[in-house]
Each structure stands twice: as structure tokens, then as C-alpha cells.
Amino acid sequence: MRKLPSFFSLRAFEAAARLGSFTRAAEELHLTTSAISHQVRALEEWCGKDLFIRQTRRVSLTMEGQLLQDKLSTAFDAIEDACAALRPGDARSVLAVHCAPSFAGKWLSPRLGRFMQAHPDITLQMSTSAEPVDLQRDSAVGIDITYGMPPQRDGVVVEALGIEATVPLCSPELLRRHAVREPKDLLGLTLIESKLNPVRWKDWFDLHGIRLPARAHSSFDRGSLAVAAAVDGLGVALETARFAEAELARGALVVVGGEAFRTIEREMHFLCYRKGDAGMRGVKAFREWISAVTEA
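Predicted model only: the values in this text are computed from it and were never measured.

Right, let's get into the packing of helix H2 (residues 22–29) against helix H3 (residues 33–47). Contact pair H2 / H3: the axes reach a minimum separation of 8 Å and the direction vectors enclose 105 degrees. In terms of orientation, H2 lies roughly perpendicular with respect to H3. Facing Phe22, Thr23, Ala25, Ala26 and Leu29 of H2, the residues of H3 in contact are Thr33, Ile36, Ser37 and Val40. For the contact of H2 with H3, the per-class residue count stands at six nonpolar, three polar and no charged.

Structural data, given as C-alpha cells:
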């Protein structure tokens, strides 16, 4: 016979340790805060050690509590994964994907039809916002695609969606009116950037050994808006080429300097999912599909 404490005590402890709060653990498990406290206390009595340092509005783990959480997180992930593989297909046919707005509109949406054709039995539910989802708290979302590295959380896997080139973009008409032969020539044009893009004009000019004068630049809170402004001829946008694929393909935008100027390349978008959901049909299918598409 296995010498185990109550599973309910272990579940209450794991939730409280992961969330750093008895109250939040109670909300997740649909119990009262008092019930969580009682279960944790029962586990501490079984272990013969204090697992939490109790403070007025929050709790923190003792050294023994941290050791237990590390082991339990792995065990709960394994249990969740094993159970997910046995769930009925209908229960796993809906996949909720949350995504950064510009990535959703400029890159993902034009390609989603391919995924839906390949997986007609999976119903996608898309939502967008600039802020990443806390997958440990929002169980309704299966996959979150973030712009920029999301906060690290236990039990959440983060995978980069490839390297992206951030380049100066403008309309052909603007380039005809203003010849740009060297990087410094861009200083005479209106410079546009996105507030959310970690790559700024200063970074680009620094890369080319040019000091950027202190002055205001036109900025937008979405990369897609910066691309649209460049199409309208308002100036030169510094943005990832991934957001401007359609505009570049139809000739509405060109990369200023082409291959003559240096390019900033970074990982910009990340796919996030709960480790315990890795084996679920919808999550697995979407991960494999988007990985193949981004590598193509």
C-alpha cells in the first residue's frame, strides 16, 4: 500500500503554492478559503513540517514547501497529461487560441484556413489582446501566442515562433521622392515605430554606427498600424517584415535599402501552452501545424 496523504490536501497545497494565495487557490478549486487552509494544515500535520509562511494577505513557501511543490508540479503535469489522452474526442474538439492583435490580423488569420481544412473536427475560438493570458488561471484558453517573451510560469511551456527580421519599410512613392542611398539618409524622413516593438529606431541606427538625434518619432500602439501608416506614405516604419508580408508581396511597401542595410533579427512571437495539455488533440495539432508553417 502506498503511504500517501489525502489527494485533496495535495491538490489544495499545489494550487496554493502555484498561485501564492489560499484565496486564489479556493477560487480555482471552487472551495472556500477556509477549506483550503484546512486541507493544507492537514498536509502539514501529515508531513510534520510547516509548508507555508503565512502572512496577512499572501503566503510564501518554506524550504520544505518549495521542495514538495517542485515534485508535485511534475507529478500533477504527468497525471493531467495521462488523463487528457483518455478524454472523449468531443471534449477536446474546441481549441481556444489567444493571440497578440497584429500577429493575429497580419499573419495568422490569412493562414488559419489551412489549419481548419486539415482539422475540420477542431473548432477554433480566437481572441486577441496585447496582454498575455495567465494560462495557470485561465483554463478556458488552450494556447496563447504572445508578442515578446511572456512571464515565466511553472507548468507553462514557451516556444519561439522563429526569427523575425525588423526592417525599415516605406511606400515606393515615398522612396521615389526621397532618394535613400545610405542609412543616414533616413534621418531626413519621418520615422515611425510601434510602441510594443522592442526594436526601436535608436537600435537600428546604432547598428549602422549613426547617432540618432533626440527628437520625437511618430508611434503607434500596434505594429499593424505602423505598417498601415507606411503604406499611406506617412513615413518610414521600423517593423517586422512578418507584419508586412502582404504589403511587400503586392508592392505597396518596399524594404528601404534592400539587402544593402543591416538587419535586426530576433525572436519576437512565442507560443505558450500548459505542459499538461501537450498531449491534447487540439493543442498538439495546432503546435505541429504552426511549427511547420513558421519553418517553411
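Here the narrative resumes, following the displayed structure.
Overall, mixed pairing links the five strands, which are arranged S4-S3-S5-S13-S6 in an open sheet. Lying at the two open borders of the sheet, with one neighbouring strand each, are strand S4 (123–128) and strand S6 (156–160). Averaged over all pairs of adjacent strands, the angle between strand axes in this sheet comes to 20 degrees, irrespective of strand direction. Across six bridges, strand S3 (residues 94–99) lies against S4 in parallel orientation. Counted as the bridge partner of Cys99 is Thr128 from S4. Those strands touched by helix H10 (residues 281–295) are S3, S4, strand S5 (143–147), S6 and strand S13 (269–274), and its axis lies near 160 degrees from that of S13.

Bring the parts together and some accessible area is lost; that lost area is often taken as the interface size. Along its sequence, the protein chain is carved into domain 1 (7–85), domain 2 (93–162 + 268–295) and domain 3 (164–266). For domain 2 versus domain 3, the distance between C-alpha centres works out to 28 Å. In this assembly, 13 residues from domain 2 lie in contact with 15 residues from domain 3. Per-residue buried area on domain 2 facing domain 3 is highest for Lys106, Tyr147 and Met268; these three make up 50% of the total on that side. Linking domain 2 to domain 3 there are two salt bridges. By residue number, the principal contributor to the side of domain 2 that touches domain 3 is helix H5 (residues 101–118), which donates six residues. Looking at the side of domain 2 that touches domain 3, its residues break down into seven nonpolar, four polar and two charged.

Attention now goes to the nonpolar core. With 37 residues, the main nonpolar core has Phe103, Leu108, Ile143, Ile145, Phe286 and Ile290 as its most contacted residues. At the level of secondary structure, the elements contributing two or more residues to this core comprise S3, H5, S5, strand S7 (163–170), helix H8 (223–231), S13 and H10. If we ignore the near neighbours within four places in the chain, the residues touching Phe286 are Leu95, Val97, Leu108, Leu112, Phe115, Leu124, Ile143, Ile145 and Leu271. Core analysis: the second largest hydrophobic core is formed by 19 residues, Ala17, Ala26, Leu29 and Leu61 among them.

A separate point is unusual backbone geometry. One non-glycine residue, His30, lies in the positive phi region at around 60 degrees. Its location among the elements puts His30 in the loop between H2 and H3.

This next bit is on the pattern of salt bridges. Applying the stated rule across the entire model yields 17 salt bridges. With a shortest N-O distance of 3.1 Å, Glu44 and Arg41 are connected by a salt bridge. Residue Glu44 and its partner Arg41 are both found in helix H3; the two are separated by three residues, about one turn of the helix. For Arg41, a relative accessible area of 36% translates into the label partly exposed. Arg111 serves as the salt-bridge partner of Glu245, at 2.6 Å between the closest nitrogen and oxygen. Residue Glu245 is located in helix H9 (residues 245–249), and its partner Arg111 is located in helix H5; the two are separated by 134 residues in the primary sequence. Since its relative accessible area comes to 34%, Glu245 is described here as partly exposed.

Conventions and cut-offs
Residues numbered from 1 in each chain as written. Predicted model: local features only at pLDDT ≥ 70, side-chain atom pairs only at ≥ 80, totals over all residues. Heavy atoms only, no water. Axes fitted to C-alpha atoms, helices over the stretch in contact; angles between N-to-C directions. Helix = DSSP H or I, 4+ residues; strand = E, 2+ residues; numbered from the N terminus. Parallel < 35°, antiparallel > 145°, perpendicular 65-115°, else oblique. Contact = heavy atoms within 4.5 Å. Nonpolar A, V, L, I, M, F, W, Y, C, P; charged D, E, K, R; others polar. Pairing = 2+ DSSP bridges. Domains from an automatic or database assignment. Buried area = accessible area lost by both parts, 1.4 Å probe. Salt bridge = Lys/Arg side-chain N within 4 Å of Asp/Glu carboxyl O. Core = buried A, V, L, I, M, F, W, Y, C linked by side-chain atoms within 4.5 Å. Buried < 20%, exposed > 50% of the residue type's maximum accessible area, 1.4 Å probe, protein only.

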